[in-house]
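In case you want the letters, here they are:
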Amino acid sequence: MAAALNIQKGTSKLSAYDLRDPNADIEERHTLAVIVDNEPGVLARVIGLFSGRGYNIDSLTVAEVDHTGHTSRITIVTTGTPAVIEQIKAQLGRIVPVHEVHDLTVEGPSVERELALFKVKSSGEKRVEALRLADIFRANVVDSTLESFVFEITGTPQKVDAFGELMRPLGLIEMARTGVAALSRGT
């Protein structure tokens, strides 16, 4: 007897219709791109919106994107129910130095990448295995001593997570991650 299909009510990035219940208790991960004025205090105001309401930020990256226009892009990865995500977007849009708020998760296909550095201290066969895994994951060795390696890896957050989990038993002692950088695909 065939198992029943486990189809969940909702939508995907490929769905033409938003069938999600905004009052559902299901938490979703969303990537928000916020274009703001590049001036002192703007980041604190955006982050204050999250902390003041008890919302969590899973990843945060900020960089100036237009030097002449003095604008920066804040990429925020957060988790919440559909209603909470809509509330976050609405409240971000009300902050004065915010020009645009884009929810890359629902606006269509997007590309997400993260850079991470992993320091692995090992010797013997574990050292060789760490190099083999780095090659499989296309990680670069950016520093090497007789006792340790520092690997640089770029990819999706899931790829970075997987690489870190495989390095733990091989002597992972330190890790630094940049946070997610994301853009929508196409024009």
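Computed from a predicted structure; not experimentally measured. (Residues numbered from 1 in each chain as written. Predicted model: local features only at pLDDT ≥ 70, side-chain atom pairs only at ≥ 80, totals over all residues. Heavy atoms only, no water.)

Together, L43, L60 and V62 give the surface a local cluster of nonpolar side chains, amounting to about 210 Å² of exposed area. When its relative accessible area of 32% is taken as the criterion, L60 is described as partly exposed. (Patch = residues over 30% accessible without salt bridge, like charges linked within 9 Å, V, L, I, M, F, W, Y side chains within 5 Å. Areas by Shrake-Rupley, 256 points an atom, 1.4 Å probe, with all protein chains shown as cover. Salt bridge = Lys/Arg side-chain N within 4 Å of Asp/Glu carboxyl O. Buried < 20%, exposed > 50% of the residue type's maximum accessible area, 1.4 Å probe, protein only.)

This part covers the packing of helix α3 (residues 125–136) against helix α4 (residues 157–167). At a minimum axis separation of 11 Å, α3 and α4 run at an interaxial angle of 170 degrees. Relative to α4, the element α3 lies roughly antiparallel. When α3 is examined against α4, the residues A130, L133 and A134 are found in contact with a partner set consisting of F163, L166 and M167. Residues of the contact of α3 with α4, tallied by class, amount to 6 nonpolar, no polar and no charged. (Axes fitted to C-alpha atoms, helices over the stretch in contact; angles between N-to-C directions. Helix = DSSP H or I, 4+ residues; strand = E, 2+ residues; numbered from the N terminus. Parallel < 35°, antiparallel > 145°, perpendicular 65-115°, else oblique. Contact = heavy atoms within 4.5 Å. Nonpolar A, V, L, I, M, F, W, Y, C, P; charged D, E, K, R; others polar.)

To continue, consider the sheet that holds strand β2 (residues 57–66). Across the sheet, which stays open at both edges, the 4 strands sit in the order β2-β3-β1-β4 with antiparallel pairing between neighbours. Only two strands of the sheet have a single neighbouring strand rather than two, namely β2 and β4 (98–103). Across the sheet, the mean angle separating the axes of adjacent strands is 20 degrees when strand polarity is ignored. Judged from the 10 bridges that link them, strand β1 (residues 28–37) and strand β3 (residues 71–80) form a sheet pairing that is antiparallel. Bridge assignment links V36 to a residue of β3, and that residue is S72. (Pairing = 2+ DSSP bridges.)

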